[in-house]
Amino acid sequence: MDFNNFSNISFIEKGINDLEKITEPDRPYTRIVFSKEFYQARDWLTEQFNLLDLTISTDEAGNLIGLYNSKVKTDKIVIIGSHIDTVPSGGRYDGIAGVVSALNVIKYIKEHNIDLPFNLAVYDYLGEELNDWGISCIGSRGIAGVLNNDILSRADSSRRVLSQEIDKIGGNSKLLNNPFPIIKNIIACLELHIEQGKVLENNKIDIGIVRSIPSISRYTVTISGQAGHSGTILMNQRADALVLASEIIIFVNKLALKLSRKSNQHFVATIGKINVYPNSAAIIPGLVELTIDLRAVSNNSRDQFINTLEKKIISINEVSECNTTLKDIAYAPYVEMNKELNILFKSSSDYFGFSSNIMDSGAGHDTAQLARVVPASMIFIPCKDGLSHCPEEFAETSDIAKGTAVLIKMVLNLVNFK
Ligand SMILES: [Zn+2]
C-alpha cells in the first residue's frame, strides 16, 4: 500500500515549518518549557486542535490534550503524543515530529469518517526535556503518578517553583501524587520520534520498533570549598571547589567507560552541566554543582557505578579541604515496551512494505514513563547523521510521513486490540 494514501506530506511539512519559527530568535531552536516561546507554541497547537474540531483540555499535569470523541459512548481511549518543548539550541524534530504526526493521524481518521470504538487523543506532554528543575518528562511522570513533593517544590535559578508553573499553565499540582484515573481506560499510548542515533540511517531501515528504554538517573554532586581572593590566598591555602570537581568529572568518565566495557550493555554517564560560584575570574571557586546523567540497561551496572562513586566521595572527603555530597534528583527505571503493541506495529509497517527492525532506545522518552502504568510503545524514524539536541537535527519529511502512515494503520488495527 502506498503510504501517501494515508499520511499527508504537506500537512506534516507545514507543522514543522510553523513550529520552527517559534524560537528564541538568537538561539534557534529554543523553546524551553514555560518560556514565552513555549506558551506561543501551545497557542499554535491549540489552534491546530481547533482546526480539527477537537475537544481541548489541559490535565492536572499540564499536558495539552486534543480529543477526538468516538461516535459511540465510551471511556476507552488511545493516546498519541510527544512534546513541543526543546532543549536550548535544540532541533526542529525532536518531539515535534511526533506531535505533528499525531495531528495527521486524527486528520486522516476525520477526513475518512472512520468510526472508532475508542476516543483518540493527541497529547503534548508537558516539559519532556530536562530543565532547570532537574527533571524531564513532567507531564508523563504526572500521568504515571511519580512526581513527588520533593520534585514539585523545587525552584529554578530564577526562583520559579515547579508546582506554581504547572498550575499557571492549567495543571493542578496538588493532584499529582497518584497515577491519573484515566489510565484504567487507556488502550494504548503511542509515540513517533526521531531515532536520535544512526542505526536506522546506516542500515537504511524505515521504521524502528522500540523494545526498551534504558533507566535514566540524575544526581547532583555539590562540592563546597572556600571562595577567596585569587591574588592573595596562596596555592597551599586553598579549598578550590572547581579543581576538585575536575577530578570527579574525570573519575566519572573513566568509571562509566570501564562499566560499559564490562557489562557489554548500553551504559553511559555524562556530566554536561556545571554551576560554578561565584564564577568570577578573580575569585577562587567556592562552590560547584555538577549534574550526572546516567543511562543504563542493567540495574547491576547502575548500582556498581553509584557504590563506587559514593566510596570515592567518602575517600575524597577524608583528605580534601572541600566537602563533597551526592544527591539523587531524578530516576526513571528501565522499561520494556508492550510486546503485543509491537507485533501490531510490525504488521502496520509491513502493510506499507517498509523495512523495520526492533531496537533499544538510547534516549529517554515520555513513553518510558507511561509504559510503567499502561500499554505503551513507540516507533523511531531515521534522522540525519544521528544528530539531535542541536540545530543541525534533520529528518526527511517523507520519513516522518512513513512513520505517520504506520501510526494511522496502527490506530485502525487497535480496533480489535484487547
Ligand atoms: Zn524527544
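Every chain is numbered on its own, with residues counted from 1 as its sequence reads. Residue-level local features of this predicted model are given only where pLDDT is at least 70; pairs of side-chain atoms are given and counted only at 80 or more, and the full residue set underlies all totals for whole chains, interfaces and linings. With hydrogens and water excluded, all non-hydrogen atoms of the structure serve as input to the side-chain values.

**What about the coordination of the zinc ion?**
Here is step 1: Coordinating N, O and S atoms are those within 2.8 Å of the metal (3.2 Å for Na, K and Ca), and as water is not part of the atoms, a site may appear to have fewer donors than expected. The coordination sphere of the zinc ion contains the protein donors His83 (NE2), Asp94 (OD) and His193 (NE2), at a distance range of 2.0 to 2.2 Å.
Here is step 2: One chain supplies every donor to the zinc ion, and in sequence these donors are spaced H-x10-D-x98-H. Separated by 110 residues along the polypeptide, His83 in the loop between β3 (77-82) and α3 (96-111) and His193 in strand β5 (residues 186-194) bring together distant segments of the chain. Numbering of helices and strands runs from the N terminus, with a helix taken as a DSSP run of H or I at least four residues long and a strand as a DSSP run of E at least two residues long.

**Some remarks on the pattern of salt bridges**
Here is step 1: For salt bridges, the criterion is a side-chain nitrogen of Lys or Arg within 4 Å of an Asp or Glu carboxyl oxygen. The tally for this structure, following the rule as stated, stands at 19 salt bridges.
Here is step 2: Residue Asp150 pairs with Arg154 through a salt bridge whose shortest N-O separation is 3.4 Å.
Here is step 3: Three labels apply to residues, based on accessible area from a 1.4 Å probe with only protein chains included: buried if under 20% of the type maximum, exposed if over 50%, partly exposed otherwise in between. You can call Asp150 partly exposed: its relative accessible area is 38%.
Here is step 4: A salt bridge links Lys168 to Glu165, with the shortest nitrogen-to-oxygen separation between them at 3.0 Å. Separated by three residues within a single helix, Lys168 and Glu165 lie in helix α6 (residues 162-168), roughly one turn from each other.
Here is step 5: Given a relative accessible area of 4%, Glu165 falls into the buried group.

**Here's the deal with the environment of Thr55**
Here is step 1: Inspection of the secondary structure puts Thr55 in strand β1 (residues 55-58).
Here is step 2: Assessed through its relative accessible area of 43%, Thr55 is described here as partly exposed.
Here is step 3: For the pair Thr55 and Glu392, spaced 337 residues apart in sequence, the C-alpha to C-alpha distance is 35 Å.
Here is step 4: We call two residues in contact whenever any of their non-hydrogen atoms come within 4.5 Å of each other. Dropping the residues within four chain positions of it, Thr55 is found in contact with Ile65, Gly66, Leu67 and Asn69.
Here is step 5: One polar contact links Thr55 to Asn69, side chain to side chain, over a distance of 3.4 Å. A 3.5 Å cut-off defines polar contacts: any pair of N or O atoms within that distance qualifies, except that in protein one atom must be a possible hydrogen donor and the other a possible acceptor, and neighbouring residues in sequence count only when both atoms are side-chain atoms.

**A few points about the pairing of strand β4 (residues 119-124)**
Here is step 1: Taken across its six residues, β4 has six buried, putting it largely inside the fold.
Here is step 2: The two faces of β4 match: Asn119, Ala121 and Tyr123 on one face and Leu120, Val122 and Asp124 on the other face are all buried.
Here is step 3: Bridging between strand β2 (residues 64-68) and β4 involves five bridges; their strand directions are antiparallel. Bridge pairing in β4 links Leu67 to Ala121.
Here is step 4: Paired strands, as defined in this entry, are two strands with at least two bridges between them according to DSSP. The sheet contact formed by β3 and β4 spans six bridges and is parallel. The partner of Ile77 across the bridge, within β4, is Asn119.
Here is step 5: The handedness of a crossover follows from its direction of travel: if, with the strands pointing away from the viewer, the path from the first strand over the helix to the second runs clockwise, the crossover is right-handed. Regarding topology, α3 serves as the crossover connection from β3 to the parallel β4, and that connection is right-handed.

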